[in-house]
Amino acid sequence: MRTQVGIIGAGPAGLALARILHLQGISSIIIESRSRDYIENRIRAGLIEDWAADMLTDIGVGERMKREGLVHWGTNIGINGEIHHIDFKALLNKRITIYGQQEVVKDLVERRLADGGELLFEVGGVSVHDLKSDRPSIRFAHDGQDKVIECDFIAGCDGYHGISRPSIPDGILSVYERDYPFGWLGILSESPPPDDELIYSYTDEGLALYTMRSPTLARLYLQCDHDEDVAAWPDARIWEHLHKRLGGARKLQEGKVLQKGVTAMRSFVVEPMQYGRLFLAGDSAHIVPPTGAKGMNLAFADVVMLSRALEAFYSKQRTDGLENYSKSCLKRVWNAQRFSWWMTRLLHRFPDESAFDRRRQLSDLTYITSSEAAMKSLAEQYVGSPPN
Ligand code: RFL
Ligand code: PHB
């Protein structure tokens, strides 16, 4: 098989990249280790930044998001049950869109197939070769046959557990990481969320986040132990904590729990995000804790940068965009890392915190929900800004 860009992974990064390249007249083949059904039903992110919703519309995959997505012009922060509103519209005239990552994936897969582009599911034994040459290749097995894609460039969009990053030889990458001493227990519930907008609720028991996928489908998270066993959380215990951490200012309706899972919290970055003709994008190069809702948005920003660099290469024979790809992305990546770390530190209880730490945290929360300058700063980082 021969193409211009070989894309490993059909998550938000790989699929959005393929669509943008298609619009630029650049060919690609996507290979994905999971089945179509699996990737279209994997429940993960739900919040799309202001510019990213515009970008999805611009590349022709925003129609269903416009119809079914929920546009929020603000968010809420609870401090021990007292709820404070942050008004994005008044502060910035910007919004965020709530629309499940798996819905974005469905729309992108549908578009890819309509474009007549190649997208191979359930591939195995993926490896990359000749990364330092101008004819790199990807080997894999599909339908019981060994296959090779020869290409000009490889986009490693295969997430944190993919093969792209580990294929870069030892000694090239610097790793920056931090683990947090807690996780998030998340459920999807067939019930309305307690508010039209999100509530990040800081309490003595830890954080709870009340978000949603639709007016009748709540997505609810609880701060839990780092290595929490889901079995220790029967539905009744989850609801008890969700009620308690919401406080009395809103009513929480219970519903049938459709899904339950624990997510570890991690900050992780590799530098550089490229090696020869292999370019890493999205979770394969960086992970943020979900408190800032940045992961999928960062994946989109990476592929926008990569597609610009590839377009300049093919249309003007320019290589500077490709050479500077990592540098251009990392500025934004670190900004998102800083914001996600800050939100995480602000809103969670830490096992080793002192009484002083806790007073300082409460004072931070009071400042952030009362000073207009502080609210504007939070809003600006939360709604995001387009890659420049
Ligand atoms: P993905 O989505 O992990 O996709 C990678 C794809 O590559 C495939 N793959 C391979 N394919 C071929 N060969 C191999 N060897 C392969 N190895 C892996 C995988 O099957 C997969 O299909 O990475 P991508 O595209 O970079 O997208 C990143 C996002 O998925 C991630 O950052 C977000 O989900 C993070 N995240 C959030 N991000 C937001 O922007 N807003 C949010 O509100 C938000 N909330 C969240 C989140 C992540 C969460 N979890 C579960 C980690 C909430 C949670 C709970
Ligand atoms: C979600 O809707 O799943 C969501 C929203 C905001 C976050 C994390 C997750 O910070």
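Residues numbered from 1 in each chain as written. Chains lettered and ligands numbered in written order. Predicted model: local features only at pLDDT ≥ 70, side-chain atom pairs only at ≥ 80, totals over all residues. Heavy atoms only, no water.

### Looking at the domain arrangement of the chain
- What the domain assignment reports for the chain is domain 1 (5–70 + 99–176 + 267–343) and domain 2 (179–266 + 353–383).
- Computed from C-alpha coordinates alone, the two centres of domain 1 and domain 2 are separated by 29 Å.
- On the side of domain 2, 19 residues touch domain 1, which itself brings 24 residues to the contact.
- Of the roughly 1,900 Å² buried at the junction of domain 1 and domain 2 (both faces included), carbon and sulfur atoms supply 63%.
- Counting every contact that joins domain 1 to domain 2 gives zero salt bridges.
- Where domain 1 touches domain 2, the interface holds six residue pairs in polar contact (both at pLDDT 80 or more).
- Considering every element that reaches the side of domain 1 that touches domain 2, the biggest residue donor is helix 10 (residues 325–347), with five residues. (Domains from an automatic or database assignment. Contact = heavy atoms within 4.5 Å. Buried area = accessible area lost by both parts, 1.4 Å probe. Salt bridge = Lys/Arg side-chain N within 4 Å of Asp/Glu carboxyl O. Polar contact = N/O pair within 3.5 Å; in protein donor to acceptor, adjacent residues only side chain to side chain. Helix = DSSP H or I, 4+ residues; strand = E, 2+ residues; numbered from the N terminus.)

### Points about the environment of V148
- By the secondary structure assignment, V148 is in strand 11 (residues 145–150).
- V148 sits in the partly exposed class, given a relative accessible area of 27%.
- Excluding its chain neighbours within four sequence positions, the residues that come into contact with V148 are M1, S137, I138 and R139. (Buried < 20%, exposed > 50% of the residue type's maximum accessible area, 1.4 Å probe, protein only.)

### Some thoughts on the nonpolar core
- Counting residues in each nonpolar core, the largest one holds 77 residues, and the members touching the most others are I7, I31, I48, L56, I138 and F300.
- Take this core: its biggest share by element is twelve residues, from helix 8 (residues 295–316).
- In this structure I31 touches I7, I8, G9, A10, L120, V123, V126, I138, F140 and I149, once residues within four positions along its chain are discounted.
- Of all hydrophobic cores here, the second largest spans 35 residues; its members include I77, F182, A374 and V383. (Core = buried A, V, L, I, M, F, W, Y, C linked by side-chain atoms within 4.5 Å.)

### Describing the pattern of salt bridges
- Going through the model one piece at a time under the given rule, you end up with 23 salt bridges.
- Here R64 and D107 are joined by a salt bridge, their closest N and O atoms 3.0 Å apart. One end of the pair, R64, is in helix 4 (residues 63–68); the other, D107, is in helix 6 (residues 101–114), and 43 residues separate them in sequence.
- Since its relative accessible area comes to 10%, D107 is described here as buried.

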